[in-house]
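Chain by chain, the residues run as shown.
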Amino acid sequence: MSSSEAERPPETDSPGGRPDALPAVAPQLRALRRQAALTLEAAARAAGLSPAHLSRLETGQRQPSLPMLLTLARVYGTTVSELLGETVAGRDAVVRAADMEPTAAGGWTYWQAGASGRGMQALRVHVPYGSQGDIVRVHPGEEWLHVLRGRLRLRLGDTAHRLSPGDSAHFDSLTPHRIAAEDHDGVDLLFVHTLLQSPTAALCLGPTPGDLS
């Protein structure tokens, strides 16, 4: 996510979205930032935002897009569902289709496809045509996506890719990237990203030198 995004006009849901989909996001953003022991400045820097922009999100003066929520979820080591104040299901291995409630954010629609408290977050996402295609994102971690329906335009650094149903991409999130739907009907994706902080980070990274006996 580019820091220039902080200069963009306030983001709103698309006409077909749910304008009331983010009622609890402002207090949740502040609470989870404090829970992560991050100052406003440190959290904003990690998310590629200005402190003033993050402050407006925390006070409800601006509504975040789904890409922005994904970035903040990485920074706070949580999920988009928790950022939105939704009731989070237990850590069952299986997530039933009937339990996947759609949520709209910044024109995108997503369905939570994984459990909380993991080192990765899995989503099923619908990206409408013309939504967020001009936002370049850069952040630590990895992303994997798989096209279910429609065609996707993916730019990684200076290289543009066009993905069709059945195609996948797996890339380092520090590579500047942006995605957009090629078709007017939008594109449906399976999307998995790593959390910047997570309860399982130590298991993935191993002990620090000071922990070795």
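Note that the structure is predicted; figures quoted are calculated from it, not measured. (Residues numbered from 1 in each chain as written. Predicted model: local features only at pLDDT ≥ 70, side-chain atom pairs only at ≥ 80, totals over all residues. Heavy atoms only, no water.)

## Digging into the overall build of the protein chain
Here comes step 1: Scanning the protein chain from N- to C-terminus turns up 6 helices and 9 strands.
Here comes step 2: Across the 213 residues of the protein chain, 45% fall into the buried class.
Here comes step 3: The long-range share in the protein chain, meaning contacts at least 24 apart out of those at least 6 apart in sequence, stands at 70%.
Here comes step 4: Of the roughly 10,600 Å² of accessible surface on the protein chain, a fraction of 53% belongs to carbon and sulfur atoms. (Helix = DSSP H or I, 4+ residues; strand = E, 2+ residues; numbered from the N terminus. Buried < 20%, exposed > 50% of the residue type's maximum accessible area, 1.4 Å probe, protein only. Contact = heavy atoms within 4.5 Å. Areas by Shrake-Rupley, 256 points an atom, 1.4 Å probe, with all protein chains shown as cover.)

## Some thoughts on the pairing of strand 1 (residues 102-105)
Here comes step 1: Looking at chain direction, strand 1 and strand 2 (residues 108-112) are connected through 4 bridges and run antiparallel. Each residue of the ladder has a partner; that of A105, found in strand 2, is W108. (Pairing = 2+ DSSP bridges.)

## Quick notes on the side chain of H53
Here comes step 1: Among the secondary structure elements, H53 is positioned in helix 3 (residues 51-58).
Here comes step 2: For H53, a relative accessible area of 0% gives the class buried.
Here comes step 3: A polar side-chain atom of H53 sits 3.1 Å from a polar atom in the side chain of R62. (Polar contact = N/O pair within 3.5 Å; in protein donor to acceptor, adjacent residues only side chain to side chain.)

## Remarks on the nonpolar core
Here comes step 1: Formed by 41 residues in total, the largest nonpolar core has its most connected members in L54, L72, Y76 and L152.
Here comes step 2: No other element matches helix 4 (residues 66-76), which puts 8 residues into this core.
Here comes step 3: Among all residues touching L72, those that are not within four sequence positions of it are L29, A47, L54, L57 and L83. (Core = buried A, V, L, I, M, F, W, Y, C linked by side-chain atoms within 4.5 Å.)

## Details of helix 4
Here comes step 1: Helix 4 sits mainly inside the fold: 11 of its 11 residues count as buried.
Here comes step 2: Inspection of helix 4 places L66, P67, M68, L69, L70, T71, L72, A73, R74, V75 and Y76 among the buried residues, and these make up the whole buried set.
Here comes step 3: Once helix 4 ends, the next one or two residues include G77, with phi positive near 65°.

## A short note on the environment of Q112
Here comes step 1: Positionally, Q112 belongs in strand 2.
Here comes step 2: Judged by its relative accessible area of 14%, Q112 falls in the buried class.
Here comes step 3: Q112 sits 13 residues away from V125 along the chain, and the two C-alpha atoms are 8.8 Å apart.
Here comes step 4: If sequence neighbours within four positions are ignored, Q112 has contacts with T79, S81, V95, M100, Q121, A122 and L123.

## Some details on the sheet that holds strand 2
Here comes step 1: Strands sit in the order 1-2-3-9-4-7 across an open sheet of 6 strands; the sheet is antiparallel. Across the chains shown, the open sheet's two edge strands, defined by having one partner strand only, are strand 1 and strand 7 (168-172). Strand-to-strand twist across the sheet, computed as the mean angle between neighbouring axes with direction ignored, equals 25°.
Here comes step 2: With 5 bridges joining them, strand 4 (residues 142-149) and strand 7 adopt antiparallel strand pairing. If you follow H146 over to strand 7, its bridge partner there is S168.
Here comes step 3: On the sheet, helix 4 packs against strand 1, strand 2, strand 3 (120-127), strand 4 and strand 9 (187-194) and is oriented at approximately 15° with respect to strand 9. (Axes fitted to C-alpha atoms, helices over the stretch in contact; angles between N-to-C directions.)

Purely spatial values, then, with no claim about function.
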